[in-house]
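# A look at the structure
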Amino acid sequence: MMGPFYATTPIYYVNDLPHIGHIYTSVVTDTVTRYHRLIGEKTRFLTGTDEHGQNIEKAAAAQGVTPIALADRVVARYRDLYRKFEIAHDDFIRTTEERHRRGVEALIARIEKAGDLYVARHEGWYCASCEAFYTEKEIGVEKLCPDHGRPCTWESEENVFFRLSKYAGPLLAHYEKNQEFVRPETRRAEVVSFVRGGLNDLSVSRTNFDWGIPFPGHPGHVVYVWMDALTNYITALGFGSDDDRLYREFWESPGGRRVHFIGKDILRFHAVYWPAFLLSAGLPLPTTVWAHGWWLRDERKMSKSVGNVVRPDALVERFGSDALRYFLMREMAFGQDASFSDQAFLERYNADLANDLGNTVSRVAALCRQAFGGRTPGEACTDNQVLDASREALREWRAAMEERGLSRALEAVWKFLAQINGHVVAREPWKVLKEEGASARLSRILYAAAEGVRLAGALLSPFVPSTSRRIFAALGLPAEDPRSEDLSWGRLPLGAPMPEAPPLFPRADPGAYFSEKDATMSEKPASPQPAATEMGRERHESASGGRISMEDFQKVQLVTGKVLAAERVPRSNKLIQMRVDLGTEERQIVAGIATHYEPESLVGRNVVIVANLKPAKLMGVESNGMVLAATVGEEGAPSLVVVDESVPPGSLVK
Ligand code: MSP
């Protein structure tokens, strides 16, 4: 008997706002957990935030707030995004919670009892960003952190140590006996080779800052942030508290699966330190640590410290969260790295979602409505090619999902959609309708197509839950998440009313998308703190690594201009069109600043214009130049670059 399925995301640091990389892990975990729930298994899904440590303390100080106030702010952001992305977690743990502290203390008490803690002076090369020590070999002669590329510093302090070295043998035995413990295979090999190289004892307390859990029995020491953080996976289940029923059900049940989904950047912590702590404490280990690859921008890991992150907000606002969920799951072969670009997103949006999925659903629904007076077919069909194809699709989808081949599972659904389309094209129901009217034969043909679409909707529900519900609604079914029985053929109601539904994914016009984005971007010169709407950024960055020559700069003609008139561009909530006096001529210029400026307030202002840009159409309105603005804060609010009133229009800016 298969035990319960417990899945976790890493707990995210609160010194950064969520970007595509963080959202990816959460969507993966959500998709996999939804799959297990769909096939009828008992599941639990945990996520949360990692709120202690020196980096958080520093980030809060830099912003002039307390660490907990910073954490509250970022947690609110995660909660908001999780709601938008329909991340269906059962629990959200914060390491500053009391229940967590109690659990960490309980774990440390067991490790202490096992005789695995001692105090010693600790010296070594330390990366403050990772809050981890590295060996000389790992950081090379230049002493650069292998993850961040930043210089490591030599640190020396008295710490509590954990006897990690004692667990190298038991860990290797565990990896050997449990081939599923680290996935995929390449990561497993990496971990095995790291542990074979020998393990040093690990310092698990810090004395150089206070923002952490006090180390029991060692005044002045706080618990090492990774020991604190990793323990969340059991403290959230009530480990160390009076009520530990969830802990016993999801961490100790025989046959239970305990899966940590993480990025490969934090593999060592999860596949070496965490199981060693658990071995020492005499507790069960996770069954699998699944390490996925990185989302890259310009061939580098997307991360705050590199400054190349993409925030999901603008894409979600424009295309809906399911479009992004789909893209993230489809584009990255789980385990490998992938590059994020707007171009690729739009291509998949139009080809896969608007065309393959959206058109198939609306075509089949329209054919049924047309043939049967706005209702589903009145007769079922249990012998047709779509039924055969559905069996194969279900098999392939299930096998891929069990293997966490999320992209492959989607491919299986897309193959099935093509087969449904093939059935419609081959049976020509429009001809049958003409020749026979709403005959029993027509009913069976369209039943096969509509039931196929329903099943495809069910297979898609772990990936794009809201789209799946909309597909059901278009077929006259309740707009609910499906259950395991909905994975069998024959659940489409006969003769049920089919409400007319808008297209699932209206086609996007990439030209209009990029020009509107450029208008917004034009108000956002490259900033070290990237703004919220920065997709398409690669279109603005030169291939030369960011710097341009003076010669290149001089190609850009910057002049002052006085705004003569301004009004909103119809149907756009971002764009304002203005008439601007450039001294020698008047220009019409469109700018994406309507979210923060009233048109009337612009009249009479002296602004800075890029005067020699090729004209572009934004929402159908021609723009002959670009207005400069600074971007402020995470949301990238525009703030116009203005010059003194006395400067005559057309003056050169350089
Ligand atoms: N707080 C630690 C984790 C503690 S878990 C006990 C941490 N937090 S983090 O905010 O840096 O987020 C880490 C996770 O976010 C990564 O492991 C990964 O899952 C995800 N990602 C962050 N950047 C990413 C990419 N560029 N690409 C894919 N995922 C990435 O580390």
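The structure reproduced in this document is the subject of the present report. (Residues numbered from 1 in each chain as written. Predicted model: local features only at pLDDT ≥ 70, side-chain atom pairs only at ≥ 80, totals over all residues. Heavy atoms only, no water.)

Regarding its fold elements, the protein presents 22 helices and 24 strands. The C-alpha atoms of the protein give a radius of gyration of 29 Å, which matches the 26 Å a tight globule of 654 residues would have. Along the three orthogonal principal directions, the C-alpha set of the protein runs to about 80 × 80 × 40 Å. Buried residues in the protein amount to 55% of all 654 residues. Within the protein, counting contacts between residues at least 6 apart in sequence, those at least 24 apart form 73% of the total. Accessible surface, the protein as shown: approximately 27700 Å² in total, 51% of it carbon and sulfur. (Helix = DSSP H or I, 4+ residues; strand = E, 2+ residues; numbered from the N terminus. Rg over C-alpha atoms; globule rule 2.2 N^0.38 Å. Buried < 20%, exposed > 50% of the residue type's maximum accessible area, 1.4 Å probe, protein only. Contact = heavy atoms within 4.5 Å. Areas by Shrake-Rupley, 256 points an atom, 1.4 Å probe, with all protein chains shown as cover.)

Within the fold, Thr 33 resides in helix 1 (residues 20-38). The class of Thr 33 is buried, set by a relative accessible area of 0%. Non-local contacts of Thr 33, meaning those with residues more than four positions away in its chain, are made with Phe 5, Ala 7, Thr 43, Arg 44 and Phe 45.

Looking at the ligand, there are 25 residues lining it, with Ile 11, Thr 25, Asp 50, Trp 295 and Met 302 nearest. Between a nitrogen atom of the ligand and a main-chain N or O atom of Gly 21, the distance comes to 3.3 Å. If the ligand stood free it would expose 660 Å²; the protein chains cover 95% of that surface. Put simply, the parts of the chain that give the shell around the ligand at least two residues each are strand 1 (5-13), helix 1, helix 8 (225-230), helix 9 (232-235) and strand 11 (257-263). In the shell around the ligand, the residues fall into 13 nonpolar, nine polar and three charged. (Near = heavy atom within 4 Å. Polar contact = N/O pair within 3.5 Å; in protein donor to acceptor, adjacent residues only side chain to side chain. Nonpolar A, V, L, I, M, F, W, Y, C, P; charged D, E, K, R; others polar.)

This part is about the sheet that holds strand 13 (residues 295-297). Reading across the sheet, the three strands line up as 14-13-15 and stay open at both edges, with mixed pairing between neighbours. Two strands bound the open sheet, and with one partner strand each, they are strand 14 (300-301) and strand 15 (338-339). In the sheet, strand 13 pairs with strand 14 via two bridges, with the strands oriented antiparallel. In the sheet register, Arg 297 faces strand 14, and the bridge partner there is Arg 300. (Pairing = 2+ DSSP bridges.)

Before going further, it helps to examine empty space enclosed by the protein. One way to see where empty space is left: roll a probe the size of a water molecule over the atoms. Per the counting criterion, the structure on display carries one cavity of 30 Å³ or more. When its volume is computed, the largest cavity comes out at roughly 30 Å³. If you go around the largest cavity, the residues you meet are Leu 367, Gln 370, Ala 371, Pro 429, Trp 430, Leu 433, Leu 442 and Leu 446. Those elements that place two or more of their residues in the lining of the largest cavity are helix 14 (342-371), helix 17 (429-436) and helix 18 (440-460). Broken down by class, the residue content of the lining of the largest cavity amounts to seven nonpolar, one polar and no charged. (1 Å grid on protein atoms, 1.4 Å probe; cavity = no way out; pocket = protein on both sides within 12 Å on 5 of 7 lines; lining within 4 Å. Points joined across faces, edges and corners; volume = space filled by probe spheres on them.)

With that out of the way, let us pick up the packing of helix 4 (residues 98-113) against helix 11 (residues 267-281). With their axes 8 Å apart at the nearest point, helix 4 and helix 11 run at an angle of 65° to one another. By the criterion of interaxial angle, the relationship of helix 4 to helix 11 is roughly perpendicular. Pair helix 4 / helix 11 crosses with left-handed handedness. Of the residues in helix 11, those in contact with Leu 107, Arg 110 and Ile 111 of helix 4 are Phe 277, Ser 280 and Ala 281. Considered class by class, the residues forming the contact of helix 4 with helix 11 number four nonpolar, one polar and one charged. (Axes fitted to C-alpha atoms, helices over the stretch in contact; angles between N-to-C directions. Parallel < 35°, antiparallel > 145°, perpendicular 65-115°, else oblique. Left-handed = near helix turned anticlockwise from the far one by under 90°.)

What follows deals with the sheet that holds strand 17 (residues 576-581). Judged by pairing direction, the sheet is antiparallel, and its five strands sit side by side in the order 18-17-16-19-22 without closing on themselves. The open sheet has two free edges, formed respectively by strand 18 (586-591) and strand 22 (626-627), since each of these has just one partner strand. In the sheet, strand 17 pairs with strand 18 via six bridges, with the strands oriented antiparallel. Opposite Gln 577, over in strand 18, you have Val 590 as the bridge partner.

Moving on: helix 14. When the terminal C-alpha atoms of helix 14 are compared, their 40 Å separation across 30 residues agrees well with the 44 Å that a helix rising 1.5 Å per residue should span. Its maximal kink placed at Gly 358, helix 14 deviates by approximately 35°. Where helix 14 terminates, the next one or two residues include Gly 373, which has phi positive at roughly 60°. (Expected span 1.5 Å × (residues − 1). Bend = angle between axes of the 7 residues up to and from the residue.)

To continue, consider helix 19 (residues 465-474). Among the residues of helix 19, those classed as buried are Pro 465, Thr 467, Ser 468, Ile 471, Phe 472 and Ala 474. The elements touched by buried residues of helix 19 are helix 1, helix 13 (321-331), helix 14 and helix 18. Among the residues trailing helix 19, Gly 476 stands out with phi positive, at a value near 80°.

What follows concerns unusual backbone geometry. With an omega dihedral of -10°, the bond running from Arg 183 to Pro 184 counts as a cis peptide bond. Within the element layout of this structure, Pro 184 appears in the loop between strand 7 (182-183) and helix 7 (185-196). One non-glycine residue, Glu 86, lies in the positive phi region at around 55°. Counting through the fold element by element, Glu 86 comes out in the loop between helix 3 (67-84) and strand 3 (91-94).

By definition, a disulfide links two cysteine residues through a covalent bond between their sulfur atoms. By the definition in use, this model includes zero disulfides. With no disulfide of its own, Cys 368 has Cys 381 as its nearest cysteine by sulfur position, at a separation of 13 Å. (Disulfide = S-S within 2.5 Å.)

Turning to its location among the elements, Pro 429 is positioned in helix 17. For the pair formed by Pro 429 and Arg 37, sequence separation is 392 residues and the distance between their alpha carbons is 37 Å. When sequence neighbours within four positions are dropped, the list of residues in contact with Pro 429 reads Leu 367, Val 424, Leu 442, Ile 445 and Leu 446.

Quick look at the packing of helix 14 against helix 18 now. Helix 18 packs onto helix 14 with a crossing angle of 145° between their chain directions and a minimal axis gap of 10 Å. For the pair helix 14 and helix 18, the crossing hand works out as left-handed. From helix 14, Leu 357, Thr 360, Val 361, Val 364, Leu 367, Cys 368 and Ala 371 reach across to helix 18, where they touch Leu 442, Leu 446, Ala 449, Ala 450, Val 453 and Leu 460. Residue classes in the contact of helix 14 with helix 18 are distributed as 12 nonpolar, one polar and no charged.

If you walk through the whole model with that rule in mind, you get 33 aromatic pairs. Taking 5.9 Å as the distance between ring centres and 25° as the angle between the ring planes, the aromatic pair formed by Tyr 175 and Phe 181 counts as stacked. For the pair formed by Tyr 175 and Phe 181, the shared burial category is buried. The interplanar angle of 75° and the centroid separation of 5.6 Å between the aromatic rings of Phe 327 and Phe 345 together place this pair among those described as edge-to-face. (Phe/Tyr/Trp six-rings, centres within 6.5 Å; stacked < 30°, edge-to-face > 60°.)

We now examine the pairing of strand 16 (residues 558-568). Pairing of strand 16 with strand 19 (residues 606-610), which is carried by five bridges, proceeds in the antiparallel orientation. Note on strand 19: the bridge partner recorded for Gly 561 is Val 607. The sheet contact formed by strand 16 and strand 17 spans six bridges and is antiparallel. For Ala 565, the partnering residue across the bridge sits in strand 17 and is Arg 579.

Another aspect to go through is the environment of Arg 257. Within the secondary structure, Arg 257 is located in strand 11. Along the primary structure Arg 257 and Thr 288 are separated by 31 residues, whereas in three dimensions their C-alpha atoms are 7.8 Å apart. Here the side chain of Arg 257 touches Gly 3 through a polar contact of 2.8 Å, landing on its backbone oxygen. Within the structure, the side chain of Arg 257 is placed 3.0 Å from the side chain of Glu 41, a separation counted as a polar contact.

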